[in-house]
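The chain contents come next:
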Amino acid sequence: MTAGWFVAALAALTIVAVWSAWHWFPDPRRQFIAAIPLRRLPDGSWEGLNLTWYGALSATAYALALLVFLILGAAAGASPVLCAAYMALMLAVCMPASRWVVRLIEGHAHGFSVGGAAFLVILLAPWLLAALPRLPFWPVLAASAIAYAFGEGFGRLACVSFGCCYGRPVEQLSPRLRRWCMPVAARVAGGTRKAAYAGGLEGVPLAPVPGLTVAVHGLAGCLAAASLIAGLPRLAFLLAAGITLAWRVLSEFLRADFRGGRFPLPGSAYQWMAGVGLLYVLGLAALWPGANAARLDMAAGLRAVWSPWVIVSLQGLWGFVFLYMGRSTVTGSRIGFHVREVEAARTAGVVEA
């Protein structure tokens, strides 16, 4: 019963995220959360630092991924402390790598590449787990892939909010794809969103790549979670990692944003990383030894995360990621303050209430 409710909760979360990708975060009010005044300007206004929904959604995606991983890892019988240490090492790699890959491929430092970071993590995760024999290899590896599927899937809402990772204009697609995409086309509103200032595509119907990614990753994560809970970790790993990587290869054909400079092979560097990662995953599933595991004890997994140190750790991770990814470097703000004369007069006793 607990296992069924857990998968149902993940499915419900995916449905809400998919709905939000089309109906909530395209609103131009959903790009910025706040602006902090930093420096007073000669005209009396203030230069502001913008805090973004991109950072808040990315932080929530990281926290969600870690929570799902800890629940599934503990349900498989792994030590929550060792699982947390393993994930901390993964985050120590993927968070800086998300910037390094952008600098290397796209030549700037104003963004994050989840695909590039995920490629490095996929390569490193099996060998790190092999060096930690106290963690059950296949269940924890499958839990890692499931956590990635939900983390990146939910994190694509950040792309909707910022207007990045945008698809090609629907009118540029083939007639068949045009018929499929037009009813669900994405439209970017607001000149401060990337598709508008970098692509000149404000208001243009676009292939809804981020929204579709939310749906595909959520579906892959739910199927994989059900398989892992049933005691099929190898299948769970293939579903979570295989579907998400295959989707990245395919979705790159629909992308219109800048994907790096000259690349010696057809397609983008990100597409090739995903393709190589997919072959790596298939080879790992075929050749790495290990048998199916017992069904997961989801009640034990939920009990393991219901502890102060887990809750505080998730809150700390959320705050760190928000401050790391939520400070906008490509947008600015000018803030003005003024006194509302009527209200000020009332507080001074000049005007009767």
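For the structure, check the block above.
Residues numbered from 1 in each chain as written. Predicted model: local features only at pLDDT ≥ 70, side-chain atom pairs only at ≥ 80, totals over all residues. Heavy atoms only, no water.

J.: Which residues make up the pattern of salt bridges, and what values do they have?
T.: Counting across every chain of the model gives six salt bridges. Notably, a salt bridge pairs Arg29 with Asp27, separated by 2.7 Å at the nearest N-O pair. Owing to a relative accessible area of 59%, Arg29 belongs among the exposed residues under this scheme. Each of the salt bridges in this network shares a partner with another, and the network as a whole consists of Glu152, Arg156 and Arg248. (Salt bridge = Lys/Arg side-chain N within 4 Å of Asp/Glu carboxyl O. Buried < 20%, exposed > 50% of the residue type's maximum accessible area, 1.4 Å probe, protein only.)

J.: Account for the nonpolar core, with residues named and values stated.
T.: Ranked by size, the top nonpolar core spans 80 residues in total, and within it Phe69, Leu72, Ile146, Phe237 and Met298 carry the most contacts. Ranked by residue count, the leading element in this core is helix α5 (residues 137-162), at 16 residues. Excluding anything up to four places from it in sequence, Phe69 contacts Cys83, Tyr86, Met87, Val140, Ala143, Ser144 and Ala147. Ranked by size, the runner-up nonpolar core spans seven residues in total, among them Cys181, Ala185, Ala207 and Leu254. (Core = buried A, V, L, I, M, F, W, Y, C linked by side-chain atoms within 4.5 Å. Helix = DSSP H or I, 4+ residues; strand = E, 2+ residues; numbered from the N terminus. Contact = heavy atoms within 4.5 Å.)

J.: Quick one: what's the story with the packing of aromatic side chains, residue by residue and with numbers?
T.: The relation between two aromatic rings is expressed through the spacing of the ring centres and the mutual angle of the planes. One pass over the full model with this rule turns up nine aromatic pairs. On the basis of an interplanar angle of 70° and a centroid distance of 5.1 Å, the ring pair of Trp127 and Trp288 is categorised as edge-to-face. Note that Trp127 is positioned in helix α4 (residues 114-130) and Trp288 in the loop between α10 (269-287) and α11 (298-305), a separation of 161 residues in sequence. Take Trp127: its relative accessible area is 53%, and that puts it in the exposed class. With a centroid separation of 6.0 Å and an interplanar angle of 5°, the aromatic rings of Phe320 and Tyr324 are classed as stacked. Of this pair, Phe320 and Tyr324 both sit in helix α12 (residues 308-325), four residues apart, which is roughly one turn of that helix. Since its relative accessible area comes to 48%, Phe320 is described here as partly exposed. Ring-pair connections join several aromatic residues into one group, and the members of that group are Trp127, Phe137, Trp138, Phe237 and Trp288. Above the plane of the ring of Trp24 lies Arg30, whose end atom (NZ or CZ) is 3.7 Å from the centre. (Phe/Tyr/Trp six-rings, centres within 6.5 Å; stacked < 30°, edge-to-face > 60°. Lys NZ or Arg CZ within 6 Å of the ring centre and 35° of its normal.)

J.: Pulling in residues and values, what's your account of the environment of Gly153?
T.: Its place among the elements puts Gly153 in helix α5. On the basis of relative accessibility, which here comes to 3%, the residue Gly153 falls in the buried class. Taking the C-alpha atoms as reference points, Gly153 and Pro210, separated by 57 residues in sequence, lie 8.4 Å from one another. Excluding its chain neighbours within four sequence positions, the residues that come into contact with Gly153 are Tyr148, Thr213, Val214 and His217.

J.: Which residues make up the pairing of strand β2 (residues 46-52), and what are the values?
T.: As judged from the seven bridges shared by strand β1 (residues 32-40) and β2, these two strands associate in the antiparallel manner. In the sheet register, Ala35 faces β2, and the bridge partner there is Asn50. Where β1 folds back onto β2 in an antiparallel hairpin, the turn is made up of five residues, including Gly44, whose phi is positive at roughly 95°. (Pairing = 2+ DSSP bridges.)

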